Amino acid sequence: MILFTGCELFNMSAPDYIAEYAGGAAAEKWEFVTDTYTSVRSGYTTFPPSSICDPDLVQIRVRLRNPQKYELVPYAVVTNEGTSNVIAEAVVENYERVLIILQNAKVRDNFRLKLEISHVDGLRKFEDYEIQDLFVCNSPPEIPTNLKIAGLDGSGRPVAGWEMLADGDHDDNEEVQIQFKEGDGTPVSRRYTRVRTEVPEVWRSSDGYELTRSGDSYTASFPMVKAAGTELDTHYHFHVTVTDEEGYTAVTATPGFGSDQSPTVGFSYDPNTVDGWVTMTLTASGGGSSGTTIYYSVDGGQEKTYTGPFAARDGSVIRARSKTPGLQDSYLSVATVRVTYLSSVYVDPTLAVPPTDPDAGWTETNPVATVHAAVEKIIDRNFASGTIVLLKGMGSGNHSGSSGMADVVIPQAAALKTLTIKRENSAVIDAGSAGKRGLYVNAPGATVTLQGMEIKNASIPSGNGGGILVDAGTVVLDGGTAVYGSSAANGAGVYITGSGAVRMENGAVYLNTATANGGGVYIEDGGSLAINSGKIGFNTLSASQPNSAGAKGGAVYAEAPSVPGHTALSMSGAAAVNTSGGVSHGVYLKTGAGITLTGSLTASSAAVIEPEVYALNSRDSAKVLGGSAALITANKSKFTLSDAAYQINNNGYLEPVAGYASKVEINGVEGSVSYEKFTDSINGVGSGQTAIITILKDFETGNSYASGSKTITIVVPKGQTRKITYTPSGTAAWIQAASATVNVGHPNSSQYGTLELIQTATDNNGHGILYAAGNGVINLYDNVIVKSASVVGLYMWGGTINMYGGKITECGTKWTSGRAGAAVYVGLGTFNMYGGEITNNKGAAGGGSVYVSRGQVFNMYGGVIKGDQNGTGLCIMYGGYSASDPTEVTINGSAVIAPDNVVYIDSSVNTYGTYIRIGEDGLQPVNNPYGTYTTTAVITATNLSSGTKLLDGTTALIQNNRSKFTVKGTSSTSSGSTVIDDNGELNQTIP
């Protein structure tokens, strides 16, 4: 028999004991995991509020008896003894313990706890466990800080001042006792009690004295008047004791109050950090410090005993005090952690093997191998800013990026928004023979500053951006950064895409060469370049070293912004673009692009500007300077235009220089001469010279004579229409080409404007607006309109006229009966018509819009003759002089003489060429671009008898094309397919 004695638990039978203690589960004992205190006044267990520390640290652990290791479900019940919002959460730990976590505890919360336990199956519930202790949430008073003698009050008494927390978690502070001490005298004590019933509340002593409060600052007057000859800071001292409702106290005193105070706590840490954390060391040493213990808290959390250095992060507030047996507690010392982030990453591209150390890059002795790797380091740390230091030069054979020798790629979502790249030991990015660009930047929303960098010798033969390519983000050239000696198709120095921007603060772009456009800088639509204090075409010592381009924009090429108001190029301050080479080293502005002045310029010569077009009456295409009217007015003279005939007005628009009617480009030198009179423009071109005359404005003119073997092209700026009114004098013409070649218009007509040549005066003697004589050649192109009311449009007495396009219209209209050859009079020479329109002229009956005199040549390979007001489009006057000197009229291809105009053949003299020759290509009137036609011409003649020859050519050509003609008699009209035989002769008489 087994007998259990000595314990009430054993006053049961063995089966009952086994059933209760071996087969069940119950709570047996509890303890606080969190440091707690026993209230001085009530004796209750107190703990800090969870609002000032990690809630998980306010914990109670309950030991279980659970021999069967049941799966238990605990539930903690809070029984409030007053107002409380405490929440309790219970968790089973390894079958043997329950951890109760208290949350939302506030100062003055009073409560008890009960633990309910049940089986996970929900069928069994075990005995509840009540923790009988009353728990009180309390935060002991903080030690007052910043004790000082704050001066004298109105009665001449010293004033004690300090800071003290008495709200929030310290709202239960109830009493402040001050001991005032003068010199070595006995302290005088005064106790101030908190009176909450008054509004505002006060702290008042039993004898009626009150503390003065402003926020957390308090003052109290000493009970004695300052003695004569004494110093406040050395003769008057005080001691403060703060007590809360539970009787906890915080004590401190000014240093001179007595030698019975524990030493003040000091803080030390290295502020340099990569991740924002530092190692904090606390010390408290001095007289009487034997056995001293340091207590500290972080960010208002629970006070802990200091046992050694601990980790603290940037911005944390550390409060610390020391206690020494037999001495008063020290002052409460307070420090806020302030760190210096180690955001500089070091790069050595000459490393034999890139490092694999995850901490590489943060020190000079352990660098990374590429700029790209350095950027990634900074991004991974989630820094908003950072610095990359290039320790050694980067060249061929070194580690480099994929898009450039150095790649800067910053995703838009990254925190990194400001990056600086600088160098040590004169390290250079030298693309050399590597066949790469110097720097590639793709950093949307970020700014990358190059501080004193040097980028050179890059070569991208068929690509864009030799020195630097900015795909996105802003690149700042500062600290004397130099980009030079590089080449590319476009933007040899710097290429800026539509998402990029470059700001030149103190840098230089020079000696770069583009095979196409933008030797120094190329700006895409949407990109921007701000030159504030930088230089293009000068080195860092301001010596002239211009950039160059194979096409346009030796210095800068700016595309036109598609977004209204976007600034592609701006200048201010010491900005300057080399002007030594004129337009070849200048700024090329596509139509719509301009330079915005954001500040006054200090350089006397800021840039040479070459606009794509000089459109005088279009504000969108003729504005080259932007900014305030005051800035433009003050700085416009610092810019030179590629065309000396233009100037910039006070609103930034182009206008012709006063009196200039035209400007002349001679032998490829633009703007080399400008004239008030057009005749001077013609005469100013010497024999053997090639010139382009650009018409700048509408004007009236008289006769001009182009002699000598010169070539003159007359054009109008793109987007404009210019009118020249001609007043004839004698039998001359507006332009007479004797032995010169005169191009009226340009083969590339889409790049030029429209020129109207007009003659309105009644003068029957003038030979024509354009007059070819001798060996002269006149070429007429699209965008040219000739209107001659009185004189002939085009007059020939020798030479050649080639009509490639344009329009001759309304000629001969002031003649009552019209004028023979009103549009074109071929008295002597060859007229070739390849295109264009001869329309709505008034040729005399039997003379026509086009008159071909005996023995002359008219070849019509294209274009149309139509709408003659008297009905004759082409007049072939007589035949040739002999078989060797015939009249030659050829019609070929899509050329058409419209059905409303006849071809009149005067065959009354002889038959040498009094007919139409069909060209070798045959006739295709349906292909004529000027209208819808099925026939080439209607023929009439002085003799329409059977056997009269009207067409010439091979038998096959005549057979295949005679149907394209109609033969018109006096009273009948017949198709050529029926009345013209294989020899081109009439097979019957046409009545």
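Definitions and limits used
- Once a new chain begins, its residue numbering starts again from 1 and follows that chain's sequence as written.
- Where totals are concerned, whole chains, interfaces and linings use all residues; where local detail is concerned, this predicted model gives features only for residues with pLDDT of at least 70, and gives and counts side-chain atom pairs only at 80 or more.
- In computing side-chain values, all of the structure's heavy atoms are included and hydrogens and water are not.
- In this description, a nonpolar core means a group of buried Ala, Val, Leu, Ile, Met, Phe, Trp, Tyr and Cys residues linked to one another through side-chain atoms lying within 4.5 Å.
- Residue burial is assigned from relative accessible area. The probe radius is 1.4 Å, only protein chains are included, and a residue is buried under 20% of its type maximum, exposed over 50%, and partly exposed in between.
- Only DSSP runs of H or I reaching four residues or more are called helices, and only runs of E reaching two or more are called strands; each is numbered from the N terminus.
- For every domain, the bounds stem from an assignment made automatically or drawn from a database.
- We define a salt bridge as a side-chain nitrogen of Lys or Arg found within 4 Å of a carboxyl oxygen belonging to Asp or Glu.
- Strands pair, by our definition, only if DSSP identifies at least two bridges between them.
- For the purposes of this analysis, a disulfide is any pair of cysteine sulfur atoms at a distance within 2.5 Å.
- Only residues above 30% relative accessible area that lack a salt bridge enter a patch, with like-charged residues linked at up to 9 Å and the nonpolar side chains Val, Leu, Ile, Met, Phe, Trp and Tyr linked at up to 5 Å.
- Method for areas: the Shrake-Rupley scheme with a 1.4 Å probe, in which residue coverage is limited to the protein chains shown.
- Contact criterion: two residues are considered in contact whenever any of their non-hydrogen atoms come within 4.5 Å of each other.
- Between the N-to-C directions of two axes lies an angle of 0 to 180 degrees, each axis being a line fitted to C-alpha atoms and, for a helix, fitted only over the stretch in contact.

Can you help me understand the nonpolar core in this one?
Burial of nonpolar side chains together is a common tendency in soluble globular proteins. If you look at the biggest cluster of nonpolar residues, it comprises 78 residues, and the most contacted ones within it are V408, I410, L450, L529, I536 and F639. At six residues, the largest contribution of residues to this core is made by strand β33 (residues 439-451). Here this core spans two domains, and each of domain 2 (345-390) and domain 3 (418-542 + 551-656) adds at least three residues to it. In terms of nonpolar packing, the next biggest core, distinct from the first, is built from 74 residues, I695, V784, M860 and I876 among them.

How should the pattern of salt bridges be read in this particular structure?
Close approach of charged atoms allows side chains of opposite charge to pair. Taken as a whole and judged by the stated rule, the model has 32 salt bridges. For the salt bridge of K114 with E116, the shortest nitrogen-to-oxygen distance reads 3.8 Å. For D153, the salt bridge goes to R157, with nearest N and O atoms at 3.0 Å. For D153, a relative accessible area of 19% translates into the label buried. The buried category is assigned to R157, whose relative accessible area is 18%.

Would you take a moment to explain the sheet that holds strand β22 (residues 293-298) for this structure?
In a beta sheet, neighbouring strands are held together by backbone hydrogen bonds and run either parallel or antiparallel to one another. Reading across from one edge, β23-β22-β25-β26 is the order of the four strands in this open sheet, with antiparallel pairing throughout. Looking at which strands have only one partner, the edges of the open sheet turn out to be β23 (304-305) and β26 (333-336). Direction of pairing for strand β25 (residues 317-323) relative to β26: antiparallel, over a ladder of four bridges. Each residue of the ladder has a partner; that of I318, found in β26, is A335.

Hey, could you run me through the state of the cysteines in this one?
A disulfide bridge is the covalent bond that connects two cysteines by way of their sulfur atoms. With the rule as written, the count across this model stands at zero disulfides. Here C811 is not disulfide-linked; the sulfur of C875 is the nearest cysteine sulfur, at 17 Å. Judged by relative accessible area, which is 0%, C811 ranks as buried.

I would appreciate a short explanation of a nonpolar patch on the surface in the present structure.
A surface patch of nonpolar side chains, amounting to about 280 Å² of accessible area, comprises Y804, Y834 and Y861. For Y834, the position within the fold is in the loop between β71 (824-833) and β72 (837-839). On the basis of relative accessibility, which here comes to 38%, the residue Y834 falls in the partly exposed class.

Whenever I open this one, the environment of G520 confuses me. Can you help?
For G520, the location among the structural elements is in the loop between β42 (513-517) and β43 (521-523). Residue G520 is classed as buried on the basis of its relative accessible area of 0%. Once residues within four sequence positions are removed from consideration, G520 is found in contact with G493, V494, V509, N547, G554 and A555.

In this structure, what is going on with the sheet that holds strand β17 (residues 236-244)? I would like to understand it.
Strand order across the open sheet formed by five strands is β14-β13-β12-β17-β18, with antiparallel pairing between neighbours. On the outer flanks of this sheet lie β14 (202-205) and β18 (249-253), each paired with one strand and no other. The average undirected angle you get between the axes of adjacent strands in this sheet is 20°. Across nine bridges, strand β12 (residues 173-182) lies against β17 in antiparallel orientation. Its bridge partner lying in β17, Q179 is registered against H239.

Where do I start with helix α3 (residues 371-380) in this structure?
An α-helical turn contains 3.6 residues, so a residue and the one three or four places further along point in the same direction. Taken residue by residue, α3 has V371, A374, V375, K377, I378 and I379 as its buried positions. Of the surrounding secondary structure, the elements contacted by the buried residues of α3 are β28 (344-347), β29 (385-390), β30 (406-409) and β31 (418-423). After α3 finishes, the residue N382 shows a positive phi value of roughly 65°.

Got a minute to help me understand the pairing of strand β8 (residues 110-119) in this structure?
Going residue by residue along β8, you find F111, L113, L115, I117 and H119 tucked away on one face and N110, R112, K114, E116 and S118 left uncovered on the opposite face. With nine bridges joining them, strand β5 (residues 72-80) and β8 adopt antiparallel strand pairing. Following the sheet pairing, L72 is matched in β8 by H119. Alignment of β8 against strand β9 (residues 125-137), held across seven bridges, turns out to be antiparallel. Opposite F111, over in β9, you have F135 as the bridge partner. In this antiparallel pair of consecutive strands, β8 and β9, the connection spans five residues, and G122 shows a positive phi of 80°.

Function cannot be read off these values alone, since they describe shape.
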